[in-house]
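Architecture and fold: a report
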Amino acid sequence: MIQRNDYRTIIKRVISSVLALTVAFSLAGCGEEKEEVKKEAPATVTVGFSQIGAESDWRLASTASMQSAFNESTGYKLMMDDGQQKQENQLKAMRKFVDSGVDYIVLDPITETGWDATLQEASEANIPVIIVDRRVDVENDDVYVAWIGSDFRLEGDRACAWLEAYLASIEYEDEVNIAHIQGTVGSSAQIGRTEALEEKADACGWNIIAQEDADFVQAKGKEVMERMLAEFGDTINVVYCENDSEALGAIEALKERGMRPGKHIQNGEVLVVSFDATRDGLLKTLSGEITVDTECNPNYGAPTIRLINSLQNGLPVEHDNYMEESQFSTVLTITEVRVDGKPYKVTHLNRDMLANRNY
Ligand code: GYE
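What you are looking at is a predicted structure, and each value in this text was computed from that prediction instead of being measured.

So, the pairing of strand E13 (residues 336-339)
Burial along E13 is one-sided: the face carrying Val337 and Val339 is buried and the face carrying Glu336 and Arg338 is not. As judged from the four bridges shared by E13 and strand E14 (residues 342-345), these two strands associate in the antiparallel manner. When the bridges of E14 are listed, Glu336 appears paired with Lys345.

The structure is reproduced here in structure tokens:
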């Protein structure tokens, strides 16, 4: 993989050196200008980025992060395509990138399956592909150079470990009836966060009484919550949302029905568990309407450009690269959670922390 890249980098360098020499020769004898023309004009590297869509604040933040990393001032041209939450659009975008001979492709795949043929085409065209955020499930992992993203299963495990620790800390012994609002079914974020909940629910005897896909979208989160409330009403005492947008929608629906999202499950409040830690999600966490918000880091720009810069310079890169993430709550009694025996710190959220949160 890296050899292929080396090859591309070497060709690029040879071309720009030949160009620089040609200019130097043709301008030889022009006195002062000689110094000028010896400098190589940096070649612009083109990156095709197939983004999933604009379904959530998290997604908008990841787009903004990529756009601010890849631009003229950093020597890159970013061709971004918005897949509007449809894999077929993303597949078309990938073909377009291959046909137009971009230098690199960055793909954030909506779901894990269905990418083999397209990635194979990119690989045959010698275009290195970097997968970001969600993962692809392909026969041959060599069709892409590297993946940068989150450990979604760990995020789910941390959320569930927190819930378990919280219920234990208040000695809650009644039924735990969970309304589970899923993210786009088949996406890595959904798969990891769902598996974690299902496993923990089994182990702890919690009931998942309803489960439905809301596509990571606020309006759908609200609709799904309304349907679940219509069927199960106030037997629901925990809502597990697979992102903040869904949580915001679910909270609206709960309130419209006269239910109270909050920390005091023993007093009839509904615990809302969420993921992402966007600004709005953290505001709800501060007000107590979200009980715990497990962070998912959308800032892909910097690590992706670092990785591509390494490839440009023929340096080796790791195949799997994980983002740093935290977990936020205002419940002071739980300072860490354990997953597979390993401790993870819970950050006690305060208003100052929102100052740096621009998404
Ligand atoms: O949690 C959600 C977004 O793939 C991790 O997609 C991402 C998820 C994120 O729309 O808000």
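What follows continues from the structure just given.
Digging into the pattern of salt bridges
Inspection of every chain in the model, using the stated rule, returns 22 salt bridges. Arg134 is the salt-bridge partner of Asp133, the closest N and O atoms lying 3.9 Å from each other. Each member of the pair, Asp133 as well as Arg134, carries the same accessibility label: buried. The shortest N-O distance in the salt bridge between Glu199 and Arg153 comes to 3.0 Å.

Some words on the sheet that holds strand E4 (residues 129-132)
Taken together, the six strands give an open sheet; going across it, the order is E2-E1-E3-E4-E5-E11, and neighbouring strands pair in parallel fashion. Two strands close off the open sheet at either side, each with one partner strand: strand E2 (76-82) and strand E11 (320-322). Shown here is a sheet whose adjacent strand axes are inclined to one another by a mean of 20°, direction ignored. Judged from the four bridges that link them, strand E1 (residues 45-51) and strand E3 (residues 104-107) form a sheet pairing that is parallel.

Some remarks on the state of the cysteines
Scanning the model with the defined rule gives zero disulfides in all. Cys160 supplies the cysteine sulfur nearest to Cys204, a cysteine that is in no disulfide, at a spacing of 8.4 Å.

Concerning a negative patch on the surface
A cluster of acidic residues, Asp116, Asp137, Glu139, Asp141 and Asp142, forms a negative patch at the surface. Here Asp141 shows up in the loop between E4 and strand E5 (146-149).

A few points about the nonpolar core
Ranked by internal contacts, the top residues of the largest apolar core, which has 28 residues, are Trp162, Leu167, Trp206, Val238 and Tyr240. Of all elements in the fold, only helix H6 (152-169), helix H7 (188-204), strand E8 (238-241), strand E9 (271-276) and E13 reach the threshold of two or more residues within this core. With eight residues, H6 is the largest single contributor of residues to this core. Of all hydrophobic cores here, the second largest spans 26 residues; its members include Ile130, Val132, Ile305 and Met323.

Each value, and the rule that gives it
- Residues numbered from 1 in each chain as written.
- Predicted model: local features only at pLDDT ≥ 70, side-chain atom pairs only at ≥ 80, totals over all residues.
- Heavy atoms only, no water.
- Buried < 20%, exposed > 50% of the residue type's maximum accessible area, 1.4 Å probe, protein only.
- Helix = DSSP H or I, 4+ residues; strand = E, 2+ residues; numbered from the N terminus.
- Pairing = 2+ DSSP bridges.
- Salt bridge = Lys/Arg side-chain N within 4 Å of Asp/Glu carboxyl O.
- Axes fitted to C-alpha atoms, helices over the stretch in contact; angles between N-to-C directions.
- Disulfide = S-S within 2.5 Å.
- Patch = residues over 30% accessible without salt bridge, like charges linked within 9 Å, V, L, I, M, F, W, Y side chains within 5 Å.
- Areas by Shrake-Rupley, 256 points an atom, 1.4 Å probe, with all protein chains shown as cover.
- Lys, Arg positive; Asp, Glu negative; His and termini not counted.
- Charge placed at Lys NZ, Arg CZ, Asp CG, Glu CD.
- Core = buried A, V, L, I, M, F, W, Y, C linked by side-chain atoms within 4.5 Å.

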